[in-house]
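A closer look at the structure
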Amino acid sequence: MKSAVENLNPTRVRLTVEVPFEELKDSLDAAYKKINQQVTVKGFRKGKIPARVIDQRFGRGAVLEEAVNDALPKFYTEAVNEADLDVLGQPEVDITELKDGDTLNFTAEVDIRPALEIPDFSGIEVEVDAVEVTDEDVDKSVEQLRERFASTSPVERAAEDGDVVTIDLEAKVDGEVLEDGIASGVSYTIGSGELLDGIDDAVKGLEAGGEATFTSELKGGSAAGKEAEVTVKVTQVAARELPELDDEFAQLASEFDTLDELKADSRKRLENMKQYDQATQAQERVLEKLLELVEVPVPEKLLEDEINTRKHNLEHHQLGQMGLDLEKYLEIQGKTAEEFDTETKDAAVKGIKTQFVLDALVKREKLNVNQEELTEHLMRRAASSGMSPDQFAQAVVEGGQVPLLVGEVARGKALAVVVEAATVKDTNGEVIDLDDEDEVEEAAEVAAEATEADATEADTEKTEG
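Since the structure is predicted, the reported quantities are computational estimates derived from the model, not experimental observations. (Residues numbered from 1 in each chain as written. Predicted model: local features only at pLDDT ≥ 70, side-chain atom pairs only at ≥ 80, totals over all residues. Heavy atoms only, no water.)

Details of the overall build of the chain
Here is the rule: Here a strand is any run of E in DSSP of at least two residues, a helix any run of H or I of at least four, and the numbering for each starts at the N terminus. The globule rule used for comparison is 2.2 Å times the number of residues to the exponent 0.38, while the radius of gyration itself is calculated over C-alpha atoms. Buried means the residue's accessible area, taken with a 1.4 Å probe over protein chains only, is under 20% of the maximum for its type, while exposed means over 50%, and partly exposed covers the values in between. We call two residues contacting when some pair of their heavy atoms lies within 4.5 Å. Exposure was quantified through the Shrake-Rupley algorithm and a 1.4 Å probe, taking into account, for residues, occlusion by the shown protein chains and nothing else. Under this rule, positive means Lys or Arg and negative means Asp or Glu; His and the chain ends count for nothing. Taken as the charge centre is NZ of Lys, CZ of Arg, CG of Asp or CD of Glu, depending on the residue.
In terms of helices and strands, the chain carries 15 helices and 11 strands. In terms of overall size, the chain is more extended than a compact globule, its C-alpha atoms giving a radius of gyration of 32 Å where 465 residues would be expected to give roughly 23 Å. Overall size of the chain, expressed as C-alpha extent along the three principal axes, is 100 × 60 × 45 Å. A burial count over the chain gives 38% of its 465 residues as buried. Pairs at least 24 residues apart make up 71% of the contacts formed inside the chain by residues separated by at least 6 positions. Of the roughly 26,300 Å² that the chain leaves accessible, carbon and sulfur atoms contribute 45%. The average position of the 50 basic charges and that of the 108 acidic charges among the side chains of the chain differ by 10 Å.

And the structure:
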């Protein structure tokens, strides 16, 4: 077999492959064997029909077609490996010449990962938010904990802000009660903003047995986004009673003996959270700067596929679960279809560029992923997916997605290398030392995942595998 490569552009090549006919022997033998198992010819036992009889009865062309279809993937793969190409997606194959007993010639056009020059990135500087935890932040955190330990008791008075009311709801659109527009015994805290717009004003001032009608835009269900006439009936009013903020509360709500110890722990946890947020912010901003430094050509077909995948996932998964279609979603977001298309394309381009650049860094820095790193990443992904680690791991293995996870971890490590070389200052002008290596890599994985092209990853890994 002989092959040659023609560069059509920085992200696409054409392979020209010439295969001597004798190299098709194994595929021809397999084709005759397959046809033998599928047909019957009077006078011959099944599976024992001579090749010449198959040629006469069914045509040599059918045999050649079967043999070529069997052989093409092997010869294509050999040509790709011989040229050391990093291909993306499936090739467009065209058989240019097929002479029985002589030769098989074909071409294959395919997208490839572009060769990138990663410049010196040690001069990257970014600014991030300072880690500042105020007394007000601590008080708010403790107050939220206090709210969780609130108790309620029924009262015989009109409902007020902060009360917990038990209500029945009925929603009508165009005068018709919706099939999914009736709910009974709903518990609602006035002022929480967890139900419909306008419900707070409707129930405040009502006692048990009272009812009111108001108009609101439905947030979900069969008539999501439509204006509805909602009737609410209060069946019970209960006052919320918060525990006193003292040492006894600290002992009830935590492992600490005093309120001061509880507040100190709250401050420390808030600092840790803000430090993690700061690290994530640093990764995201360093990544932005890195992408500005590198010229990254994007394959047109890959970009088209990624845009379509993102749109499909939004329309058929995310919006479907919310009971919305794309038109209603754009209306709620206040965007035109053109603006949505532009944003989707920009996000897809950034995702593909991110993957290309970080993968190039992984290769240049010879970064590897060990089992412990992969397991830690799997645990984080499982937690974010709502699955148990065992369930998530099983789904990953059965779906052949282990290389995808390995790639995510490796890209996180690559971005961490860039962050460590960059200068990160907070808004106070202080240089930030992100010295927790595990935290840096974890935050880097989050930042990289936020912009990577999921469909591109899956397709790339499948092709490489």
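Here we look at the UniProt feature "domain: PPIase FKBP-type" (unreviewed entry) in the chain
This is how the line gets drawn: UniProt positions are given in the numbering used here, feature names are shortened, and annotations may be inferred rather than shown by experiment.
Annotation from UniProt places "domain: PPIase FKBP-type" (unreviewed entry) at residues 162-215. Within residues 162-215, the helical portion is 9% and the strand portion 54%, while the C-alpha atoms at the span's ends are 22 Å from each other.

Observations regarding the pairing of strand 1 (residues 2-9)
Rules: If DSSP finds at least two bridges between two strands, the strands pair.
Relative to strand 2 (residues 12-20), strand 1 runs antiparallel, the two being bridged by 7 bridges. The partner of Glu6 across the bridge, within strand 2, is Arg14.

Examining the nonpolar core
This is how it is decided: Take the buried Ala, Val, Leu, Ile, Met, Phe, Trp, Tyr and Cys residues and link them wherever side-chain atoms come within 4.5 Å; each set so joined is a nonpolar core.
One finds Ile124, Val286, Leu290, Val357 and Leu361 to be the most contacted residues of the largest nonpolar core, which totals 36 residues. Those elements giving two or more residues to this core turn out to be strand 5 (125-128), helix 7 (259-293), helix 8 (300-322), helix 10 (337-365) and helix 13 (402-421). Among the elements that take part in this core, helix 10 stands out by supplying 8 residues, more than any other. Among all residues touching Leu290, those that are not within four sequence positions of it are Phe121, Ile124, Val357, Leu358, Leu361 and Val418. Within the second largest apolar cluster, 32 residues are counted, among which are Phe21, Val39, Leu104 and Ala108.

With respect to a negative patch on the surface
Put simply, the rule is: Residues forming no salt bridge and having over 30% relative accessible area are the ones grouped into patches, like charges within 9 Å of each other and nonpolar side chains (Val, Leu, Ile, Met, Phe, Trp, Tyr) within 5 Å. Put simply, a salt bridge is a Lys or Arg side-chain nitrogen that is within 4 Å of an Asp or Glu carboxyl oxygen.
On the surface, a cluster of negative charge is made up of Asp247, Asp257, Asp260 and Glu261. By secondary structure assignment, the location of Asp257 is in the loop between helix 6 (247-253) and helix 7.

Observations regarding the environment of Pro403
By secondary structure assignment, the location of Pro403 is in helix 13. When the C-alpha positions of Pro403 and Leu116 are compared, they lie 22 Å apart, and in sequence the two are 287 residues distant.

So, the pattern of salt bridges
All chains considered together, the criterion is met by 30 salt bridges. Between Glu66 and Lys34 there is a salt bridge, with its nearest N and O atoms 3.1 Å apart. One end of the pair, Glu66, is in helix 3 (residues 60-83); the other, Lys34, is in helix 1 (residues 25-38), with 32 residues separating them in the sequence. A relative accessible area of 26% means that Glu66 is categorised as partly exposed. Classification of Lys34 as partly exposed rests on a relative accessible area of 39%. The closest approach of N and O atoms between Asp137 and Lys274, which form a salt bridge, is 3.6 Å. Here the residue Asp137 occupies a position in helix 4 (residues 135-148), and Lys274 occupies one in helix 7, the gap between them amounting to 137 residues.

Points about the sheet that holds strand 4 (residues 103-112)
Applicable threshold: Every axis in this analysis is a line fitted to C-alpha atoms, fitted for helices over the stretch in contact. Angles between the N-to-C directions lie between 0 and 180 degrees.
Strands sit in the order 1-2-4-3 across an open sheet of 4 strands; the sheet is antiparallel. At either end of the open sheet lies a strand with only one pairing partner, and these are strand 1 and strand 3 (87-99). For this sheet, the mean angle separating the axes of adjacent strands, direction not counted, is 20°.

Regarding the packing of helix 1 against helix 3
A pair of packed helices is characterised by two quantities: the angle between their axes and the separation of those axes. Test applied: Geometric relationships in this document are graded by angle, where less than 35 degrees denotes roughly parallel, more than 145 denotes roughly antiparallel, 65 to 115 denotes roughly perpendicular, and other angles denote oblique. We call a crossing left-handed when the near helix sits turned anticlockwise from the far one by less than a right angle, and right-handed when that turn is clockwise. Polar here means any residue other than Ala, Val, Leu, Ile, Met, Phe, Trp, Tyr, Cys and Pro, which are nonpolar, and Asp, Glu, Lys and Arg, which are charged; Gly is therefore polar.
For the pair helix 1 and helix 3, the least separation of the axes is 8 Å and the interaxial angle reads 120°. Taken as axis vectors, helix 1 and helix 3 run oblique relative to one another. The way helix 1 lies across helix 3 gives a crossing that is right-handed. Residues Ser27, Leu28, Ala31, Tyr32, Lys34 and Ile35 of helix 1 lie in contact with helix 3, whose contacting residues are Arg60, Val63, Leu64, Glu66, Ala67, Asp70 and Ala71. Residues that form the contact of helix 1 with helix 3 fall into these classes: 8 nonpolar, 1 polar and 4 charged.

Examining the pairing of strand 9 (residues 211-217)
Side chains on a regular strand alternate between the two faces of the sheet. The alternating pattern of strand 9 places Ala212, Phe214 and Ser216 on a buried face, while none of Glu211, Thr213, Thr215 and Glu217, on the opposite face, is buried. As judged from the 7 bridges shared by strand 9 and strand 10 (residues 227-241), these two strands associate in the antiparallel manner. Looking at strand 10, one finds that Thr213 is bridged to Thr231.

Details of a nonpolar patch on the surface
On the surface, Val93, Ile95 and Leu98 cluster together into a nonpolar patch covering about 220 Å² of accessible area. Here Ile95 shows up in strand 3. On the basis of relative accessibility, which here comes to 37%, the residue Ile95 falls in the partly exposed class.

Details of unusual backbone geometry
Even without being a glycine, Asp174 presents a positive backbone phi close to 55°. On the secondary structure map, Asp174 appears in the loop between strand 7 (164-173) and strand 8 (176-189). The backbone of Lys366 shows a phi angle near 55°, a positive value even though the residue is not glycine. Structurally, the position occupied by Lys366 is in the loop between helix 10 and helix 11 (371-385). Here Lys366 falls in the exposed class, since its relative accessible area comes to 69%.

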